[in-house]
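Topology and contacts: notes
Residues per chain, in single letters:
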Amino acid sequence: KGTNILSNMGGGTYTLSVRGITPIPPSAPGQTPAAPIVSSSTHPDSEKWYSNNSPEFNWKLPSDVTGVSLLLTEKPTSNPGSQSDGLLTSKKYENTEDGEWYFHIKFKNENGWGEITHRKVLIDTKPPEPFQVVVDNENDATNPTPIFLFETTDSLSGVEYYEVKLNEEKATTTPQDIKDNPYQPPPQ
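Cut-offs used in this document
- Residues numbered from 1 in each chain as written.
- Predicted model: local features only at pLDDT ≥ 70, side-chain atom pairs only at ≥ 80, totals over all residues.
- Heavy atoms only, no water.
- Phe/Tyr/Trp six-rings, centres within 6.5 Å; stacked < 30°, edge-to-face > 60°.
- Helix = DSSP H or I, 4+ residues; strand = E, 2+ residues; numbered from the N terminus.
- Lys NZ or Arg CZ within 6 Å of the ring centre and 35° of its normal.
- Buried < 20%, exposed > 50% of the residue type's maximum accessible area, 1.4 Å probe, protein only.
- Pairing = 2+ DSSP bridges.
- Core = buried A, V, L, I, M, F, W, Y, C linked by side-chain atoms within 4.5 Å.
- Contact = heavy atoms within 4.5 Å.
- Salt bridge = Lys/Arg side-chain N within 4 Å of Asp/Glu carboxyl O.
- Patch = residues over 30% accessible without salt bridge, like charges linked within 9 Å, V, L, I, M, F, W, Y side chains within 5 Å.
- Areas by Shrake-Rupley, 256 points an atom, 1.4 Å probe, with all protein chains shown as cover.
- pLDDT = per-residue confidence, 0-100.
- Polar contact = N/O pair within 3.5 Å; in protein donor to acceptor, adjacent residues only side chain to side chain.

The next thing to look at is the packing of aromatic side chains. Per the counting criterion, the structure on display carries six aromatic pairs. Between F57 and F103, the ring centres sit 4.2 Å apart and the planes meet at 5°, which makes this aromatic pair stacked. Of the two residues, F57 sits in strand β2 (residues 56-58) while F103 sits in strand β5 (residues 99-109), which places them 46 residues apart along the sequence. Members of the aromatic cluster, each reached through a chain of ring pairs, are F57, W59, Y93 and F103. In this structure, K91 is placed above the aromatic ring of Y93, and the distance from its NZ or CZ to the ring centre is 5.2 Å.

Glancing now at the pairing of strand β7 (residues 117-123). With six of seven residues buried, β7 is to be regarded as a mostly interior element. Alignment of strand β1 (residues 49-50) against β7, held across two bridges, turns out to be parallel. Each bridged residue has a counterpart across the sheet, and for W49 the counterpart in β7 is L122.

On to the nonpolar core, then. Core analysis: the biggest nonpolar cluster contains 14 residues, and F57, W59, V68, L70, F103 and I105 have the highest contact counts within it. If you list the elements that add at least two residues to this core, you get β3 (67-73), β5 and β7. It is β5 that provides the largest number of residues to this core, a total of four residues. If we skip the residues at most four places from it in the chain, I105 touches P36, V38, W59, V68, S69, L70, P80, E115, I116 and T117. Counting residues in each nonpolar core, the second largest holds seven residues, with F148, F150, L166 and I178 among its members.

Below, the discussion takes up the pattern of salt bridges. Inspection of the entire model under this criterion finds three salt bridges. Between D98 and K126 there is a salt bridge, and its shortest N-O distance comes to 3.3 Å. Here D98 is found in the loop between β4 (90-92) and β5, whereas its partner K126 is found in the loop between β7 and β8 (134-136), with 28 residues between them in sequence.

Turning our eyes to something else, we now look at the environment of F103. We classify F103 as buried; its relative accessible area is 0%. In this structure, the C-alpha to C-alpha distance between F103 and E74, residues 29 residues apart in sequence, is 8.7 Å. When near neighbours in sequence (up to four residues on either side) are disregarded, F103 contacts V38, F57, W59, L70, L71, L72, Y93, T117, H118 and R119.

Moving on, we get to the pairing of β3. Judged by how many residues are buried, β3 sits mostly within the fold: six of seven residues are covered. Pairing of β3 with β5, which is carried by seven bridges, proceeds in the antiparallel orientation. By the bridge assignment, L70 is partnered in β5 with I105.

The subject of this paragraph is a nonpolar patch on the surface. On the surface, F131, V133 and V135 cluster together to form a nonpolar patch covering roughly 240 Å² of accessible area. Along the chain, V133 turns up in the loop between β7 and β8. The exposure class assigned to V133 is partly exposed, which follows from its relative accessible area of 46%.

The next point concerns the confidence of the model for the chain. When pLDDT is averaged along the chain, the result is 86, and 87% of the positions lie at 70 or above. The spread of mean pLDDT over the elements of the chain runs between strand β12 (residues 169-170), the lowest at 62, and β2, the highest at 98.

Turning next to the environment of P130. Tracing the backbone through its elements, the reader meets P130 in the loop between β7 and β8. Residues P130 and T153, spaced 23 residues apart in sequence, show a C-alpha to C-alpha distance of 8.6 Å.

Now for the side chain of S40. As for its placement among the helices and strands, S40 is situated in the segment before β1. A relative accessible area of 6% places S40 in the buried class. Of the polar contacts made by the side chain of S40, one reaches the backbone nitrogen of H43; its length is 2.9 Å. Aside from chain neighbours lying at most four places away, what touches S40 is E56, F57, N58 and R119.

Encoded structure:
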């Protein structure tokens, strides 16, 4: 509603320091590169669904790498091919369709292409099905602890939890994210 609830402001002390960067050592002589270690700031948990449909992946390049090949498919074990996409250290895909996707990447050095890393990414941008909340006052219109009944489905990713808001405020009881139906709030 725009109500100012700020009563005071505190200060803070921050210390920033430079961290040394440790280069990834090259492959052993005569060997192809090891499988890349891939991370994602947009989709950090490969077993969790995200509403962000622009996944970004990051990795570090060993010093002997001369090429990187990558691919995003719906197949868990695709080969990104033998054409280098350049000496990239990250890749962002825009407007990816909902579903279960796999990012495939491999490195090349003077001895050839190395092992492939396959990393799953789960995308679901559509909300769960609309649903009604039924309030059971137990035949008392002034009941301070009514019971709320609700349920919905999400055909792609399922429903992980329900977030409860009372009077436009997120519920402050534990748990804040409700996993089971029905829900009975603290006295109102």
